[in-house]
Amino acid sequence: MVYHRAMNDPLLNEPFVRLFVGTLIGLVLGSFTTMLSYRLPRTMSIIAPPSTCPSCGTRLTPRDLIPVVSWLIGRGRCRHCGAPIGARYVMIELVTTVAIAAAFVLLGFSLALLLTLIALVAVITALTIYCERRDPR
Ligand SMILES: [Zn+2]
């Protein structure tokens, strides 16, 4: 087994460091997963348009896009038009974040981790799209 030298840094192998980095990356990927599961079934570009409120169309600023935190501060409503934002999006973000943080702690910084992250995002996105089709809300 050949590991990059940085991967053997003892600091990166501290469980607390793994949990911290895993949570941060989990939040980012959780947002990404939420965006994918919303846009893919609607055949929207996943790159081009910046995120907007589905109700009022206001372009969302970084302040609106802090995962989970923005939703809690706004009490589940759009800051601009007051339209409710489904709690399910926060659930997807939370589930993704927890799963990814766990993967970081269990696997450490490795190729297995990278593959697991890709698989988690793909599976959670697919499950979300599947559930929405069966039970549109
Ligand atoms: Zn709005």
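Residues numbered from 1 in each chain as written. Predicted model: local features only at pLDDT ≥ 70, side-chain atom pairs only at ≥ 80, totals over all residues.

*Asks:* Help me understand the overall build of the protein, please; the structure alone is not making it clear to me.
*Replies:* When helices and strands are counted, the protein shows four helices and zero strands. For the protein, the N- to C-terminal ordering of α and β elements is α-α-α-α. Long-range pairs, those at least 24 residues apart, make up 65% of the contacts in the protein with a sequence separation of at least 6. (Helix = DSSP H or I, 4+ residues; strand = E, 2+ residues; numbered from the N terminus. Contact = placed C-beta atoms within 7 Å.)

*Asks:* Explanation requested: the environment of E132 in the structure shown.
*Replies:* The topology assignment puts E132 in helix α4 (residues 111–134). In this structure E132 comes out as partly exposed when scored by C-beta crowding, with 14 C-beta atoms within 10 Å. In the structure, E132 is positioned 94 residues away from Y38 in sequence and 9.5 Å away in space, judged by C-alpha atoms. (Buried ≥ 20, exposed ≤ 12 C-beta atoms within 10 Å, placed from the backbone.)

*Asks:* What exactly am I supposed to notice about unusual backbone geometry here?
*Replies:* Excluding glycine, a negative phi dihedral is what most residues carry, and trans is how most peptide bonds are arranged. Positioned with a positive phi, T43 is a non-glycine residue whose angle comes to about 50°. Looking at the element boundaries, T43 is found in the loop between α1 (15–39) and α2 (69–73). T43 sits in the exposed class, given 6 other C-beta atoms within 10 Å. Within the chain, R75 stands out as a residue other than glycine whose phi angle is a positive 50°. Along the chain, R75 turns up in the loop between α2 and α3 (87–107). In this structure R75 comes out as exposed when scored by C-beta crowding, with 9 C-beta atoms within 10 Å.

*Asks:* Sorry, what's going on with α1 here?
*Replies:* Think of an α-helix as turning once every 3.6 residues; residues three or four places apart then point the same way. The end-to-end C-alpha distance of α1, which contains 25 residues, comes to 35 Å, matching closely the 36 Å that a straight helix rising 1.5 Å per residue would cover. Within the span of α1, buried status applies to R18, G22, G26, L27, L29, G30, S31, T33, T34, L36, S37 and Y38. (Expected span 1.5 Å × (residues − 1).)

*Asks:* Teacher, can you tell me more about the confidence of the model for the protein here?
*Replies:* Interpretation of the predicted coordinates at a detailed level should be avoided for regions scoring low in pLDDT. The share of residues in the protein with pLDDT of 70 or more is 90%, and the mean pLDDT across the chain is 84. Here α2 is the element of the protein with the lowest mean pLDDT, 81, and α4 is the one with the highest, 92. (pLDDT = per-residue confidence, 0-100.)

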